[in-house]
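# Architecture and fold: a report
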Amino acid sequence: MKLSGKVHKYGANVDTDAIIPARYLNVSDPAELAKHCMEDIDAEFINKVEPGDIIVATTNFGSGSSREHAPLAIKASGISCVIAHSFARIFYRNSMNIGLPILECIEAAEKSDSGDILEVELATGEINNVTKNLSFKAKPYPEFMLELISAGGLIEHTKQKLRVGEQ
Amino acid sequence: MTIAEKILATHCGKTRVSPGELINVRVDLVLSNDITAPIAIKEFNRIGVKKVFDPNKVVMVPDHFIPNKDIASAEQAKMMRDFALSQGIIYFEVGEMGIEHVILPEKGLVLPGDVVIGADSHTCTYGAVNAFATGMGSTDIATAMATGEIWMKVPPTIKFVYHGQLQKWVGGKDLILHTIGNIGVDGALYAAMQFEGEAIDSLPIDGRLSMANMAIEAGGKAGLFRADQTTLDYIKPRATRSYTVVDPDPDAEYAQTIEYDASKIEPQVAFPHLPSNTRPINQVGNVEIDQAVIGSCTNGRLSDLIVAAEILKGRKVAKNKRCIIIPGSQEIYLQALKMGLLETFINAGAVVSTPTCGPCLGGYMGILADGERCISTTNRNFVGRMGHTKSEVYLASPAIAAASAVLGRICGPEEL
């Protein structure tokens, strides 16, 4: 699965309150949540994000609350992938479960800046910074995780598997 | 094996598990709240099953934006109520409800040796009663509601040992803030934290709940304590089913052991905008506040209110400053009433609210304006956490928060 888009770069400990402030959690519709994605640390994010774009950050991305609204808001904003040095545990799990690809790659995160164009191949873990002509390697996604991502998340993937079993 | 490993092994039918191992775990309780349940219910319905795996092991607590703060919150609360009533699961209506992590242990729903997962990051609170408890997202919770099982990776355990006895006004909140300040907000990422030592042995259950509660603030998956006499005194009158106390094996392997001289730890204050940004109270300097909040799943328990009342008795909240006190449950509220604590608070010029998570996450009941500062007994001080993105939250114990409310600047009780 190949992803491509421009970088939106952030620093360390981008917490779930920064990704989607709790004051907007009285709804759970991803499109509604996306309108406020990153609002408290980057009010311009939602105006500049385009489908396919990639969030890049340093350590402990997604720390804080267990709100699945956070990866849902990121995904619905058009972001195709998040690349960071490291992710908070619950955010990592939630992202997989809802089908938002996230990759740990310190080098790619360090050497990419806002506006750079990245190409990401999940099956091989290859990350190309087209703007800077640099290549990086993250751990590739195993087959079942690629299936899960293309199905749109854990529940859809489980349903698909169950349907195959029934046939 | 460590406490975490032993509990997880028992729940996946193995005699032994090791860190990094992927296991399928049987859960004793699955929790969600009015913010996370709506997504979990949608996902549950998409799976296509009709009934939860066991209605006595699924609990929903309306506490974040409840009593309903606006129409959208009311709709979410209604969706959760309808689901809870139709499924016959454990549910606490307004009037019975409290903050989830306060009432679950209080009602004896979490017992030693349990595995609990909750769609709330502070689910780790129950490690205080010797349970393996961890936060997850709504999709995981939906799956567990349907099947009673969830996959997990066995975490490595980091052992924290607190030697010596605590100084006056130092409690569980100070120990955990000091620890997070020391190891950082990802210092225990993916790991189970296990708390031990002389200072822990003499720490009351409420203080242990405060500590386990904030394990997530260091990135931890769980924060665990042994079950000693203090634990059993708390558990025994509440438990309505059998349980198994889990001690670590003497030859358990720890990823790391971190030791502190607890007698040297002073009351702590975490400055904006990270819980790890801690300073001892004597290095705080002159920080004026607009508001003090005493409550939450971290510090909304009876002993927290007793400390606050001890400090506020016969004193007044500083002129034109706000002090908001939120008992964590109806039981605590009633106890505080009977003990005269509420009268002390009201005489001091504080307001007392019905149980809610409200201000902690910037929901309602104490939102901050541009440039305002709050000293709070809650657990997070991220940008915009309690309101405006240019407001500031300082985290501390109830003793510090109450004293600060009196002077209108951050201070310890000794300054009064």
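Keep in mind that what you see is a predicted model, and the values were worked out from it rather than measured.

## Remarks on the overall build of chain A
When helices and strands are tallied, chain A shows eight helices and seven strands. Taking 2.2 N^0.38 as the reference for a compact globule, 167 residues should give roughly 15 Å; the C-alpha atoms of chain A span a radius of gyration of 15 Å, in line with that estimate. Viewed in the frame of its principal axes, chain A has a C-alpha envelope of about 50 × 40 × 25 Å. Taken across its 167 residues, chain A has 59% of its residues classed as buried. Across chain A, every contact between residues at least 6 apart in sequence was considered, and the portion connecting residues at least 24 apart equals 63%. Within chain A, one finds 17 positive and 23 negative side-chain charges whose respective centroids are separated by 3 Å.

## With respect to the nonpolar core
If you look at the biggest cluster of nonpolar residues, it comprises 95 residues, and the most contacted ones within it are Phe61 and Ile83 of chain A. Of all the elements, helix H14 (residues 398–407) of chain B adds the most residues to this core, at seven residues. Taken domain by domain, this core gets at least three of its residues from each of domain 1 (3–260) and domain 2 (269–415) of chain B. Apart from the residues within four sequence positions on either side, Ile83 of chain A is in contact with Ile54, Ile55, Val56, Ala57, Leu103, Cys105, Ala108, Leu118, Val120 and Ile127 of chain A. Within the second largest apolar cluster, 62 residues are counted, among which are Ile103, Ala191, Ile258 and Ala270 of chain B.

## Describing the sheet that holds strand S3 (residues 58–61) of chain B
Residues and elements named next belong to chain B. One open sheet accounts for five strands, arranged S4-S3-S2-S5-S6; its pairing is parallel. This sheet does not close on itself; its edge strands, each paired only once, are strand S4 (90–91) and strand S6 (132–135). Inspection of the sheet shows strand S2 (residues 29–33) paired to S3 by four bridges, in the parallel sense. The residue of S3 that forms the bridge with Val30 is Val58. Most of the contacts of helix H5 (residues 138–147) go to S2, to which it runs at about 135 degrees, and overall it touches S2, S3 and strand S5 (115–118).

## Digging into the packing of helix H2 (residues 37–47) of chain B against helix H3 (residues 71–87) of chain B
Residues and elements named next belong to chain B. Interaxial distance between H2 and H3 falls to 9 Å at its minimum, and their mutual angle equals 50 degrees. Comparing the axis directions of H2 and H3 gives the class oblique. The two elements H2 and H3 meet at a crossing, and its hand is left-handed. Taken together, the residues of H3 that come into contact with H2 (itself represented by Ala37, Pro38, Ile41, Lys42, Phe44 and Asn45) are Gln76, Met79, Met80, Phe83 and Gln87.

## Description of the interface of chain B and chain A
On the chain A side, the residues contacting the 44 residues of chain B number 34 residues. Of the roughly 3,200 Å² buried where chain B meets chain A, counting both sides, 52% is carbon and sulfur surface. Applying the counting criterion to the chain B and chain A interface returns three salt bridges. The partner of Glu156 of chain A in a salt bridge is Arg46 of chain B, with the nearest N and O atoms 2.5 Å apart. Scanning the region where chain B abuts chain A turns up 19 residue pairs in polar contact (both at pLDDT 80 or more). When residues of the side of chain B that touches chain A are traced back to their parent elements, those giving at least two are H2, H3, S6, H5 and strand S7 (149–153) of chain B. No other element matches H2 of chain B, which puts six residues into the side of chain B that touches chain A. When the residues that make up the side of chain B that touches chain A are grouped by side-chain class, the tally is 19 nonpolar, 14 polar and eleven charged.

## Quick word on the packing of aromatic side chains
Enumeration over the complete set of coordinates arrives at ten aromatic pairs over all chains. Both rings, one in Phe61 of chain A and one in Phe87 of chain A, keep their centres 6.0 Å apart while their planes meet at 80 degrees; by these two values the pair is edge-to-face. Of this pair, Phe61 of chain A sits in the loop between strand S2 (54–57) and helix H4 (69–76) while Phe87 of chain A sits in the loop between strand S3 (81–84) and helix H5 (89–98), and the two are 26 residues apart along the sequence. A single burial state applies to Phe61 of chain A and to Phe87 of chain A, both of which are buried. Residues Tyr162 of chain B and Tyr260 of chain B carry aromatic rings whose centres are separated by 5.4 Å and whose planes lie at 25 degrees to one another, so their mutual orientation is stacked. Taken together, the positions of Tyr162 of chain B in strand S8 (residues 157–163) and Tyr260 of chain B in strand S11 (residues 256–261) put the pair 98 residues apart, joining distant regions of the chain. Comparing Tyr162 of chain B with Tyr260 of chain B, the two get one shared label, buried. For the cation-ring pair, Arg93 of chain A lies above Trp151 of chain B, with the distance from its terminal atom to the ring centre recorded as 3.9 Å.

## Here we look at the domain arrangement of chain B
A common measure of how large an interface is: the accessible area buried when the components associate. Residues and elements named next belong to chain B. Domain assignment breaks chain B into domain 1 (3–260) and domain 2 (269–415). Put simply, the middle of domain 1 and the middle of domain 2, counted by C-alpha atoms, are 24 Å apart. Taken together, the contact between domain 1 and domain 2 spans 36 residues of the former and 40 residues of the latter. For domain 1, the biggest contributors to the area lost against domain 2 are Ile99, Trp169 and Lys173; these three give 24% of the whole.

## Quick word on the pairing of S3 of chain A
All names here are of chain A. Neither face of S3 is exposed, since Cys81 and Ile83 on one face and Val82 and Ala84 on the opposite face are all buried. Pairing of S2 with S3, which is carried by four bridges, proceeds in the parallel orientation. Bridge pairing in S3 places Val56 opposite Ile83. Handedness of the S2-H4-S3 crossover: right-handed. As defined by bridge partners, S3 adjoins strand S4 (residues 102–104) across three bridges and the pair is classed as parallel. Looking at S4, one finds that Val82 is bridged to Ile102. With respect to chirality, the unit in which S3 leads through H5 into the neighbouring parallel S4 is right-handed.

Definitions and limits used
Residues numbered from 1 in each chain as written. Chains lettered and ligands numbered in written order. Predicted model: local features only at pLDDT ≥ 70, side-chain atom pairs only at ≥ 80, totals over all residues. Heavy atoms only, no water. Helix = DSSP H or I, 4+ residues; strand = E, 2+ residues; numbered from the N terminus. Rg over C-alpha atoms; globule rule 2.2 N^0.38 Å. Buried < 20%, exposed > 50% of the residue type's maximum accessible area, 1.4 Å probe, protein only. Contact = heavy atoms within 4.5 Å. Lys, Arg positive; Asp, Glu negative; His and termini not counted. Charge placed at Lys NZ, Arg CZ, Asp CG, Glu CD. Core = buried A, V, L, I, M, F, W, Y, C linked by side-chain atoms within 4.5 Å. Domains from an automatic or database assignment. Pairing = 2+ DSSP bridges. Axes fitted to C-alpha atoms, helices over the stretch in contact; angles between N-to-C directions. Parallel < 35°, antiparallel > 145°, perpendicular 65-115°, else oblique. Left-handed = near helix turned anticlockwise from the far one by under 90°. Buried area = accessible area lost by both parts, 1.4 Å probe. Salt bridge = Lys/Arg side-chain N within 4 Å of Asp/Glu carboxyl O. Polar contact = N/O pair within 3.5 Å; in protein donor to acceptor, adjacent residues only side chain to side chain. Nonpolar A, V, L, I, M, F, W, Y, C, P; charged D, E, K, R; others polar. Phe/Tyr/Trp six-rings, centres within 6.5 Å; stacked < 30°, edge-to-face > 60°. Lys NZ or Arg CZ within 6 Å of the ring centre and 35° of its normal. Right-handed = clockwise from strand over helix to strand, strands pointing away.

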